[in-house]
2 protein chains.
Amino acid sequence: MPADIAPSKYERDLDRNPANHQPLTPLSLLERTADVHPDRVAVIHGDQRWTYRDLYARCRRLGSALKARGIGRGDTVSIMAPNTPAMLEAHYGVPMIGAVLNELNIRLDAEALAFILTHAETRVLLTDREFSPVIKAALDLLDTKPLVIDIDDPAITHGDFLGETEYEALLAEGDPDFAWQMPADEWESLSLGYTSGTTGDPKGVVYSHRGAWMNGINNILTWDLPKGAVYLWTLPMFHCSGWCFPYTMVAAAGTQVCLRKVEAKAIFDAIATNHVTHLCGAPTVLSLLVHAPDAVKRSFDHTVHMMTAASAPPSSVIAGMEAMGFEITHVYGLTEVYGPVVVCEWKSEWDEKPLEERARIKARQGVRYTLQQGLMVADPETMEPVPADGQTMGEVMMRGNITMKGYLKNRSATEKAFAGGWFHSGDLGVTHPDGYIELKDRSKDIIISGGENISSIEVEEVLYGHPAVLEAAVVARPDEKWGETPCAFVTLKPDSTATEADIRAHCEKHLARFKLPKTFIFTDLPKTSTGKVQKFVLREKARAL
Amino acid sequence: MPADIAPSKYERDLDRNPANHQPLTPLSLLERTADVHPDRVAVIHGDQRWTYRDLYARCRRLGSALKARGIGRGDTVSIMAPNTPAMLEAHYGVPMIGAVLNELNIRLDAEALAFILTHAETRVLLTDREFSPVIKAALDLLDTKPLVIDIDDPAITHGDFLGETEYEALLAEGDPDFAWQMPADEWESLSLGYTSGTTGDPKGVVYSHRGAWMNGINNILTWDLPKGAVYLWTLPMFHCSGWCFPYTMVAAAGTQVCLRKVEAKAIFDAIATNHVTHLCGAPTVLSLLVHAPDAVKRSFDHTVHMMTAASAPPSSVIAGMEAMGFEITHVYGLTEVYGPVVVCEWKSEWDEKPLEERARIKARQGVRYTLQQGLMVADPETMEPVPADGQTMGEVMMRGNITMKGYLKNRSATEKAFAGGWFHSGDLGVTHPDGYIELKDRSKDIIISGGENISSIEVEEVLYGHPAVLEAAVVARPDEKWGETPCAFVTLKPDSTATEADIRAHCEKHLARFKLPKTFIFTDLPKTSTGKVQKFVLREKARAL
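Thresholds applied
- Residues numbered from 1 in each chain as written.
- Chains lettered and ligands numbered in written order.
- Predicted model: local features only at pLDDT ≥ 70, side-chain atom pairs only at ≥ 80, totals over all residues.
- Heavy atoms only, no water.
- UniProt positions renumbered as here; feature names shortened; annotations may be inferred.
- Helix = DSSP H or I, 4+ residues; strand = E, 2+ residues; numbered from the N terminus.
- Least-squares fit on C-alpha atoms with pLDDT ≥ 70 in both.
- Contact = heavy atoms within 4.5 Å.
- Domains from an automatic or database assignment.
- Pairing = 2+ DSSP bridges.
- Buried area = accessible area lost by both parts, 1.4 Å probe.
- Salt bridge = Lys/Arg side-chain N within 4 Å of Asp/Glu carboxyl O.
- Polar contact = N/O pair within 3.5 Å; in protein donor to acceptor, adjacent residues only side chain to side chain.
- Core = buried A, V, L, I, M, F, W, Y, C linked by side-chain atoms within 4.5 Å.
- Buried < 20%, exposed > 50% of the residue type's maximum accessible area, 1.4 Å probe, protein only.
- Patch = residues over 30% accessible without salt bridge, like charges linked within 9 Å, V, L, I, M, F, W, Y side chains within 5 Å.
- Areas by Shrake-Rupley, 256 points an atom, 1.4 Å probe, with all protein chains shown as cover.
- Lys, Arg positive; Asp, Glu negative; His and termini not counted.
- Charge placed at Lys NZ, Arg CZ, Asp CG, Glu CD.

- Where an unreviewed UniProt entry is consulted, chain A appears under the name Acyl-CoA synthetase, with the organism given as Tistrella bauzanensis.
- Regarding chain A, the UniProt comment filed under Sequence similarities (unreviewed entry) reads as follows: "Belongs to the ATP-dependent AMP-binding enzyme family."

Written out as C-alpha cells, the structure reads:
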C-alpha cells in the first residue's frame, strides 16, 4: 500500500471517545454554571429572583414532566409567551428530553399561528394567559390539538385558562434532579423559529445544538461581555431564540432580567434598579428611550451597552443615547443565521470624529463576529465576491457553523438558500475598502425607475437627515412612464411644523433627480412585532394610490 | 415502520453542508482577524512589529514553502525555539498544510530530543541558533535526519547553522497569498507535545483542531480577556501549545509580545513599554518578579492580569504581586487537557477577607473553565465522585472537548488514561463543600508512613508558611521502621537567618506528629523547564541519604 494511503500515525488509535469528545450544546452551559455558581441570581422577574440552582431545578422539572407526558426526541413543543421566566426555562427544559422548542411570534394572528402549529406538528403548547384569545382562535382551527399548558404569570391577571394544567403545576409534577440526556450528536435539532413570511407561508428555521451553542459564545466574544453581566430582555426571546442570549447569559453566569412589555419606564426602572449592563433591541427601542418623557428617564452611573440590529439608528438617536449613558453597537443578521453575526466593530481611531461621521460609520453593518467563518458580498450567479470599492452591489452571503440546518419540511427552499455552498441572505450590499460591508437593500426593496436602480435605503437616509423626520420608509410605486418611482412614507416628529415642500426641497438638495420620491405620504409606519417596518404593507398602499 | 423508527422531520433534508457546517480550527481565527483587523499589531519582538496582515502572510509563506518541499498531511514538523515570532508562526503555518506541529522542550538534552524526533518521525526541524549545540548532538544520534531549517533570530548572534536553509529564506520561497486548506475534519491532528516523562519515556500528546480552538476560546471566556489585550510570552510556547494562547490572542485580535528569556528586567520593561495586560507563568515567575531588585522593577498605571498554574503561590508572593499592580488567577491543568481547564474563579465576597485567608482560598485549584464539560474527583475504581466534604481524597478526572486525542503510537497508555470514559489526571485531591476542588498530591507523591497517608503538599504549605522559606518540596524517604517518612528540601530566602530548629519548631506547631519531616535538607530545588520542581530528582536524593 502506498505510504500516502496507509492510515497516518495521527489517525491510528486516536479516536473520539467520551473523555475527549462531547456534543456542543447550550445544555452543558447551564449544568456548568448551576454547578459553579449555584447561588448567583440567574433570573429576575418583577419581585421574583431565581438563583442558578433554582433555574436549573425548574428546567429539569420541566423536562421530566414533559417526558412523563410522553414527549421526547423529535417532538415539537411550542411556546407563546413574552420574555418571562417560563420562556427562558423552555429554552433548556424542552431540549433536555431531545424535543424541539418552537417559539411563536406573539404578534401573529390566529390563522398564522394555526398554520405554524400544524406545520410544526406541535405536541405541546405552552401559552401565556395574555394570549388566550388569539390562541383559543388558533386552536379552534386545528384538526389535531396539542396538549395545552397555561402559563399563569403572576404579572398578569387576565386571560382564560385554555389547557388542562397550569405551568407551575406541571413543574410540580417534575423531578428537580432529573437525569436529562445530552443530545447524541451536536447536530441534533434544538429549536424552530418561523420567518415572518412577508411573501408566502412562513418558513420554519431549524437550529442545531452546535450552532446555538456557538452563537451564544460568539455574543460574549464579540461584545466583550463580562462574566456576571446583567441583561435586560427588551429583544423578543421568540426572535431567533433571542439572538441566542438565553445561552450567552448562562455561559457568562450573568443575570437575565425579564420584561413582558417594551415600555420606556419599565426599561429605565430596570436599568437603575437592577444595574442592567446589557440589552438588545430594534432601533425603535432606541427611539422609544430617547424620546421618553423626562419624568420617565432615570439616571445611572454605569455605561449600558446596547446592541441594535435592522436599520441603522440615525445620528440624532445615537447622540441622544450616548448622552443618556448608552453605548450603541450596530449588528446585522437574520433568523437563518441565529440572529446577528455581523457587527460594526468599532475602532478607537473613530472616537474623535464628529457625530455625523461616527453615525455614518456606525450605520455600516460591518464585519464578521469573532466565530463567524464566512461572510461575503458576491454575485449570486458567479459566486465571485464584489470588489471592495464601496460601490459594486452584490448579495450578502454567509457560511460557517452559525447557519441554520435548513427549513423544516421544505427541501426546495433549503436547497435554494444554500446554493453554491453559501447561505443567500437576500440582502444587497457593498464591501467598503476597509472590508466593512454595508447593506444597500433587500433584493425586493430595490426600486427600478427608468431602468436605473434606486436604493430605497439611500433615499430613506436622506429623509432621516431632515430634522423634522421621525421615521421614513421608501418603496416602489408602479408608474406607467418609469416602471416604478420612489414613494416616501414619512412620520414627522410630534412638534414639527415642516411641510411637504420642506421635505421635498431637502431631498432635492441631497439626491440625484431620478432618485427623488415622486410621492410623499405623511403617516405612521406599520411595523412587525420585531420593530421592522412592514414594507409589503406600504407597497400595497403605494400600488393602491 | 413504527413512528419512532421513521426518520424524524427534524432529521430529513436538514443535513450538514458547507454553508452550515465548517471545521472548528484555530486557522479560521487567524484568517478572520487578518481580514477584519489587518493593521493591528499582532506580534512585537524587540524592535520588530508585525501587523495581522504581516503575520498572516508570513504563516501562509511558511505553509506554502513547506508544501513545496513535499511536506503535507500527517507529517511532523518539529520546532526547537523559545518564544519568538517563528515559534508563533509555526503554530499556524504548519497546520495550514495538514502537517502536525511538534513543539520541543528547549531544556531537554540531546538523547531525549533524539528520542522524540525519532518517535514523532519528524520530517522537518525548525531550530533556533541558540540551541545548535544540543540539536547537533541530537541529530548525530538519528538514523534518518529531517530537513533542518535554522532560525536566525536577530536577537541572537551565536550558534552554528546546521541546516540547508535559514527560516527567512524559506519564507521568501513561499507564497503570501497561499490558498491553504481547512482540515477536512475538525478532529484532525494539529499538534504534538511530549510529556516531561519523569517515569519512563516521554509520551506524545496529540491535540486536535477542535480541542485547541475550544481551549483558545475558553481562555477568553474564563479570564474575561478583552479584545485587543496585550499578552507577554513568559509561559513557554512549547508547553501545552502555550496553553493555547497562540490561538486565544489571535481570536481576541490582541498583541503578542515575544520574549526569549524569562528575566525580571525584560518582563518589567515589556509591561511598562508595551502596555502588557496579560501574562502567564509558573509560580517561580511570580517569585522572580516579587524578589527582583528595586532597580529593575518598573511601575505602571494599569492592572496586569497574570495566570499561574502548578503549585499555589504562597500568600506573601500574592501580596507582593498585588502591591505591584498584578492580579493573580490560579489555574490548573495538564498537558493532556491543553493546559489549564480548572480555575480558582474568584468571588467578590472574598475580596474583603484578610490576605492569609484569600491566599488559602486562592490556593485551591477551583472549578471548571467555562467550556470545560466534565470535572470530578472520584474513586478511580468505582468511578464514583467523592463526597464534597473537603476531606475524602480521590483522583481528579476530566472529560469533554478539551482532552487530548490520545498518546501517539501508544494505544495501551491511551486506553489506560481514558479508562471508564474519563481522563485520569493522576492527581489526587478533594472536593470542598462549595464545589471547588483542591489538589492534595500526585498519586505518586503521597507519602505512606506507618500506614498513614501524608500529603506532601500539606507539609509543603506549612513550610511555605514560615517567613524565611523561599521554596520547599517534600518527598518520601525510605525508612526501615515506618516504610517512608517525609523528607523536606528547603530553600531559604537569601537574607534569612533561620535555623533548622526554627523550621522544625514551626512544623511541629502546624502538623500532626506523624506528618513531621524527619529530615530537612537546605538546598536549591531542581526544576523542569516549565518551572515545576523535579520531585523524582529529590526522591533519588532522599533515597541515597
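Having seen the structure, we can now continue with the description.
## What to know about unusual backbone geometry
Stage number 1. For Ser241 of chain A, which is not a glycine, the phi torsion comes out positive at approximately 50 degrees.
Stage number 2. With respect to the helices, strands and loops of the structure, Ser241 of chain A is situated in helix α8 (residues 240–243).

## Considerations on the relation of the copies chain B and chain A
Stage number 1. Rotating chain B by 180 degrees and moving it 0.0 Å along the rotation axis overlays it on chain A with an RMSD of 0.1 Å. Each copy turns onto its partner about a two-fold axis.
Stage number 2. A symmetric contact is evident, with 100% of the interface residues of chain B recurring at the interface of chain A.

## Concerning the domain arrangement of chain A
Stage number 1. Domain annotation for chain A reports domain 1 (26–261), domain 2 (373–444) and domain 3 (446–545).
Stage number 2. Each of domain 1 of chain A and domain 3 of chain A was reduced to a C-alpha centroid, and the two centroids are 39 Å apart.

## A closer look at the sheet that holds strand β19 (residues 406–407) of chain B
All names here are of chain B.
Stage number 1. Here we have eight strands laid out as an open sheet, ordered β7-β6-β5-β3-β4-β8-β9-β19, and mixed in their pairing. The open sheet has two free edges, formed respectively by β7 (165–166) and β19, since each of these has just one partner strand.
Stage number 2. Sheet topology note: the strand β4 (residues 100–103)/strand β8 (residues 189–194) ladder contains three bridges and is parallel. Directly across from Glu103, in β8, lies its bridge partner Gly193.

## Brief notes about the interface of chain B and chain A
Stage number 1. Taken together, the contact pairs 76 residues of chain B with 77 residues of chain A.
Stage number 2. Both faces combined, the contact of chain B with chain A buries some 6,200 Å², and carbon together with sulfur accounts for 51% of it.
Stage number 3. Between chain B and chain A we count 18 salt bridges in total.
Stage number 4. The closest approach of N and O atoms between Arg368 of chain A and Asp35 of chain B, which form a salt bridge, is 2.8 Å.
Stage number 5. Between chain B and chain A we count 54 residue pairs in polar contact (both at pLDDT 80 or more) in total.

## What to know about the nonpolar core
Stage number 1. Counting 246 residues, the largest nonpolar core has Ile217 and Phe245 of chain A together with Ile217 and Phe245 of chain B as the members making the most contacts within it.
Stage number 2. Setting aside residues no more than four positions away along its own chain, Phe245 of chain A makes contact with Asn219, Trp223, Leu225, Tyr231, Trp233, Gln256, Cys280 and Met307 of chain A.

## Examining the sheet that holds strand β11 (residues 255–257) of chain B
All names here are of chain B.
Stage number 1. Spatial strand order, β2-β1-β11-β10-β12-β13-β14-β15-β16: nine strands in an open sheet with mixed pairing. What marks the edges here is a single partner per strand, and that holds for β2 (48–51) and β16 (367–368).
Stage number 2. Of the strand pairs in this sheet, strand β10 (residues 230–232) and strand β12 (residues 278–281) are connected by two bridges, and their pairing is parallel. Looking across to β12, one finds that Leu232 is bridged to Leu279.

## Brief notes about a negative patch on the surface
Stage number 1. Together, Glu327, Glu349, Asp351 and Glu352 of chain A make up a negatively charged patch on the protein surface.
Stage number 2. Mapped onto the secondary structure, Glu352 of chain A falls in the loop between β15 (339–343) and α13 (355–362).

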